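Chain by chain, the residues:
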Amino acid sequence: VRTRNGQYKPIEHQSLYDEQGERVDATVLEDPMKVLNRGFYVTAVVAVVGVWIVCGALLHTDKAPQAWWRYAFCGTLGVLTSLAFLLITQYYTDYKYKYVGCAPSRWPRAAAQLHLGTNGIEEGLHETGG
């Protein structure tokens, strides 16, 4: 955040105001990733319940009485796949894994600190089993 004299002030020292107009220190605010994850989980549950209701109501026929729940199951698998993508992406990119010794985002950095000129080739061979 830029102050009046043109200096930048870190967000952890900035004060915010809540709905009642009272001052709130920014360091006590909740982690934004927790809020985003909670929103995703609630949306995923609502989507799964909605898929089962809609499939049961619109796709149930006497000619194929088993078809509706198979479509609902496919929709549920899609939501679970998106959850897996979320967790995998967070593992590779989230800041909370920055200090974990085995986090994949630290491998290239550790190799670069060894001054290896073949970081990309070595990593590629390692990942492909070569």
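Computed from a predicted model, the values in this text were never measured in an experiment.

*Asks:* Pulling in residues and values, what's your account of the overall build of the protein chain?
*Replies:* Within the protein chain one finds four helices and two strands. Scanning the protein chain from its N terminus toward the C terminus, one meets helices and strands in the order β-β-α-α-α-α. A buried classification covers 10% of the 130 residues belonging to the protein chain. Pairs at least 24 apart in sequence give 27% of the contacts found in the protein chain among residues at least 6 apart. Taken as a whole, the protein chain presents about 10600 Å² of accessible surface, with 64% of it coming from carbon and sulfur.

*Asks:* Could you give me a rundown of the packing of helix 1 (residues 32-58) against helix 2 (residues 67-93), with the residues and numbers involved?
*Replies:* In a packed pair of helices, the relevant descriptors are the angle between the two axes and the axis-to-axis distance. Running from amino to carboxyl end, helix 1 crosses helix 2 at an angle of 170°, the nearest separation of the two axes being 8 Å. Considered as vectors, helix 1 and helix 2 are oriented roughly antiparallel to each other.

*Asks:* Please provide a residue-by-residue account of the environment of Arg70, values included.
*Replies:* Examined against the element boundaries, Arg70 turns out to sit in helix 2. Measuring from C-alpha to C-alpha, the distance between Arg70 and Trp52 comes to 9.8 Å, with 18 residues separating the pair along the chain.

*Asks:* Go over the state of the cysteines, please, and point to the residues and values.
*Replies:* The final tally for this structure, using the stated rule, is zero disulfides. Cys74 supplies the cysteine sulfur nearest to Cys55, a cysteine that is in no disulfide, at a spacing of 8.9 Å. Taking the relative accessible area as the measure of exposure, Cys55 reaches 11% and is therefore buried.

*Asks:* So what's going on with helix 1? Which residues, and what values?
*Replies:* An ideal rise of 1.5 Å per residue puts 39 Å on 27 residues; helix 1 measures up with 38 Å between its terminal C-alpha atoms. Every buried residue belonging to helix 1 is among Asn37, Ala44 and Cys55, and all of these are buried. Where helix 1 is buried, its residues meet helix 2.

*Asks:* An account of the packing of aromatic side chains is needed here, citing residue identities and associated values.
*Replies:* The relation between two aromatic rings is expressed through the spacing of the ring centres and the mutual angle of the planes. The full count for this structure, using the stated rule, is two aromatic pairs. When the ring of Phe40 is compared with that of Tyr41, the centres are 6.2 Å apart and the planes differ by 70°; the resulting orientation is edge-to-face. We classify Tyr41 as partly exposed; its relative accessible area is 38%. Ring geometry for Trp52 and Trp68: centres 5.8 Å apart, planes at 85°, overall edge-to-face. Of this pair, Trp52 sits in helix 1 while Trp68 sits in helix 2, placing them 16 residues apart in sequence. Classification of Trp52 as partly exposed rests on a relative accessible area of 31%.

Definitions and limits used
Residues numbered from 1 in each chain as written. Predicted model: local features only at pLDDT ≥ 70, side-chain atom pairs only at ≥ 80, totals over all residues. Heavy atoms only, no water. Helix = DSSP H or I, 4+ residues; strand = E, 2+ residues; numbered from the N terminus. Buried < 20%, exposed > 50% of the residue type's maximum accessible area, 1.4 Å probe, protein only. Contact = heavy atoms within 4.5 Å. Areas by Shrake-Rupley, 256 points an atom, 1.4 Å probe, with all protein chains shown as cover. Axes fitted to C-alpha atoms, helices over the stretch in contact; angles between N-to-C directions. Parallel < 35°, antiparallel > 145°, perpendicular 65-115°, else oblique. Disulfide = S-S within 2.5 Å. Expected span 1.5 Å × (residues − 1). Phe/Tyr/Trp six-rings, centres within 6.5 Å; stacked < 30°, edge-to-face > 60°.

These figures capture arrangement, not role.
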